[in-house]
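One letter stands for each residue in the lines below.
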Amino acid sequence: MRIRATMAAATVTGSLALAAFAAPAAQATDQPSLAQAHQVAQKAAGHSAPQARSLTATEAGDPYVMDATFSNIKVNSGKSAIVVGTTNTVHVSYSFTFTHGSDVDPTADDFVPGVDLYRTDEGNALFGDAPATCTAASSTVANCKGSIDINPQEELTNVDAGAKWTGEAFAVAYNGQDPDSPSDPSKIGTAYQDAVSSNALQRYSKLTVNASPEPVKKGGTLTITGALTRANWDTHKYAGYTSQSVKLQFRKASSSTYPTTYLKSVTSSSTGSLKTTSTATYDGYWRYNFLGTSTTPAVKATGDFVDVQ
């Protein structure tokens, strides 16, 4: 689920503010949505945009800040890179410990905790399809788990790739209040913590190789072709990754590993294609190896075996 920065930037208070945070129709369920709860928690913490701001006093009738803290927060198992293709939804797991006062019930049906990712340079945010699930470890500690669900066909464009995403944790205890039209917003509790992770969304990459002719005479010339492509989130297809340096590697049939040194570097064409030549000396496997960029993960082609006669 993606939420535009214009939603986060609105300045609202009181019961009208809570009504303004109604869930989009696509996410409407019997339970308040993550996007809705996020806005409530962010406002109560004094944040009028995704960037961190200092805490401000709560106005009369506004939600209150709970006696609660987040800790042990892990997004994507602590890994920065999140790789997304063109079709499949990617489920980015997260977990955290929620320590709270005795008056807070993280297992209540209208308690909505979660973690989202937002663009630090624009403000777009990605949420899960459902709130995190919290399990009580004691009367004041709960362990919570959830996922951020990223659908590339609906939520991403190519400009979203790169190390531009920050995680923020939040929780809202509605305490029996209607999320869309609370009779007493001051009964709604919130918790919020910014900058809990730093992540890079990357466009899934593919790499192929073909060495020919097969077989080849010893001392003959091999032509090694291939293609480097990556997910295009604008067209939802794979397209050539142009002008990229790709390494050529060879390992003898008698070896199980490729040498750490490369035979040569080959630059991908305007269509992502690769082509070079090399002398055939031993039976073995040829492959291309792309080391990756900030927007595209590293990828190795499956080695192509050539019999040298």
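An account of the accompanying structure is given in this report. Remember, it's a predicted structure, so these values are computed and weren't measured experimentally.

Attention now moves to the overall build of the protein chain. For the protein chain, the helix and strand inventory stands at four helices and 20 strands. Going through the 309 residues of the protein chain one by one, you find that 49% of them count as buried. Long-range pairs, those at least 24 residues apart, make up 70% of the contacts in the protein chain between residues at least 6 apart in sequence. Surface exposure of the protein chain reaches about 14,200 Å², of which carbon and sulfur atoms provide 49%.

Further remarks concern the nonpolar core. Counting residues in each nonpolar core, the largest one holds 34 residues, and the members touching the most others are Met66 and Phe98. Every element with two or more residues in this core is listed here: strand 3 (68-75), strand 4 (81-84), strand 5 (90-100), strand 6 (111-119), strand 9 (141-150), strand 10 (162-173) and strand 11 (189-203). With 21 residues, the next largest nonpolar core counts Ala211, Trp286, Val306 and Val308 among its residues.

So, about the sheet that holds strand 3. Strand order in the open sheet formed by four strands is 3-5-9-8, and the pairing between neighbours is antiparallel. Here the strands that pair on one side only, and so sit at the sheet edges, are strand 3 and strand 8 (133-136). Each neighbouring strand pair of the sheet contributes to a mean axis angle of 20°, computed without reference to strand direction. Where strand 5 meets strand 9, 10 bridges bridge the pair, whose relative direction is antiparallel. Across the sheet, residue tyrosine 94 finds its bridge partner in strand 9, namely glycine 146.

Here the focus is the state of the cysteines. In this structure the tally under the stated criterion is one disulfide. The residue that forms a disulfide with cysteine 134 is cysteine 144, at a sulfur-sulfur distance of 2.1 Å. Measuring the twist about the S-S bond at about 105°, one finds the cysteine 134-cysteine 144 disulfide to be right-handed. Of this pair, cysteine 134 sits in strand 8 while cysteine 144 sits in strand 9, and the two are 10 residues apart along the sequence. Neither residue differs from the other here; cysteine 134 and cysteine 144 are each classed as buried.

We now examine unusual backbone geometry. The omega torsion across serine 212 and proline 213 is 5°, close enough to zero to call that bond cis. As for its placement among the helices and strands, proline 213 is situated in the loop between strand 12 (205-212) and strand 13 (221-232). For the bond running from glutamate 214 to proline 215, omega is -5°, close enough to zero to count as cis. For alanine 195, which is not a glycine, the phi torsion comes out positive at approximately 55°. Along the chain, alanine 195 falls in strand 11.

A few words on the side chain of aspartate 194. Secondary-structure assignment places aspartate 194 in strand 11. Side chain to side chain, aspartate 194 and tyrosine 118 meet in a polar contact 2.9 Å long.

Right, let's get into the environment of histidine 91. By the secondary structure assignment, histidine 91 is in strand 5. Among the residues examined, histidine 91 registers a relative accessible area of 55% and is labelled exposed. It is 9.2 Å that separates the C-alpha atoms of histidine 91 and glycine 146, two residues lying 55 residues apart in sequence. Every residue in contact with histidine 91, bar those within four places of it in the chain, is listed here: Ser147, Ile148 and Asp149.

All right, on to the pattern of salt bridges then. Scanning all chains against the criterion turns up two salt bridges. A salt bridge links aspartate 121 to arginine 119; its shortest N-O distance comes to 2.6 Å. Given the relative accessible area of 48%, aspartate 121 is considered partly exposed. For arginine 119, a relative accessible area of 4% corresponds to the buried category. With a shortest N-O distance of 2.5 Å, aspartate 160 and arginine 119 are connected by a salt bridge. In this pair, aspartate 160 is assigned in the loop between helix 4 (152-155) and strand 10 and arginine 119 in strand 6, connecting sequence segments 41 residues apart. Take aspartate 160: its relative accessible area is 0%, and that puts it in the buried class. Salt bridges sharing partners connect three or more residues here, namely Arg119, Asp121 and Asp160.

Once that is clear, we can look at the packing of aromatic side chains. Tallied over the full model, the rule gives nine aromatic pairs. Consider the rings of tyrosine 241 and phenylalanine 290, whose centres lie 5.7 Å apart with planes at 80°: the pair is edge-to-face. Of this pair, tyrosine 241 sits in the loop between strand 14 (237-240) and strand 15 (245-252) while phenylalanine 290 sits in strand 18 (residues 284-290); the two residues are 49 residues apart in sequence, bridging distant segments of the chain. On the basis of relative accessibility, which here comes to 8%, the residue tyrosine 241 falls in the buried class. Among the aromatic residues, those joined into a ring-pair cluster are Phe70, Tyr94, Phe96, Phe98 and Phe111. Residue placement shows lysine 206 over the ring face of tyrosine 238; its charged tip is 4.0 Å from the ring centre.

Rules behind the numbers
- Residues numbered from 1 in each chain as written.
- Predicted model: local features only at pLDDT ≥ 70, side-chain atom pairs only at ≥ 80, totals over all residues.
- Heavy atoms only, no water.
- Helix = DSSP H or I, 4+ residues; strand = E, 2+ residues; numbered from the N terminus.
- Buried < 20%, exposed > 50% of the residue type's maximum accessible area, 1.4 Å probe, protein only.
- Contact = heavy atoms within 4.5 Å.
- Areas by Shrake-Rupley, 256 points an atom, 1.4 Å probe, with all protein chains shown as cover.
- Core = buried A, V, L, I, M, F, W, Y, C linked by side-chain atoms within 4.5 Å.
- Pairing = 2+ DSSP bridges.
- Axes fitted to C-alpha atoms, helices over the stretch in contact; angles between N-to-C directions.
- Disulfide = S-S within 2.5 Å.
- Polar contact = N/O pair within 3.5 Å; in protein donor to acceptor, adjacent residues only side chain to side chain.
- Salt bridge = Lys/Arg side-chain N within 4 Å of Asp/Glu carboxyl O.
- Phe/Tyr/Trp six-rings, centres within 6.5 Å; stacked < 30°, edge-to-face > 60°.
- Lys NZ or Arg CZ within 6 Å of the ring centre and 35° of its normal.

By themselves these figures say nothing about function.
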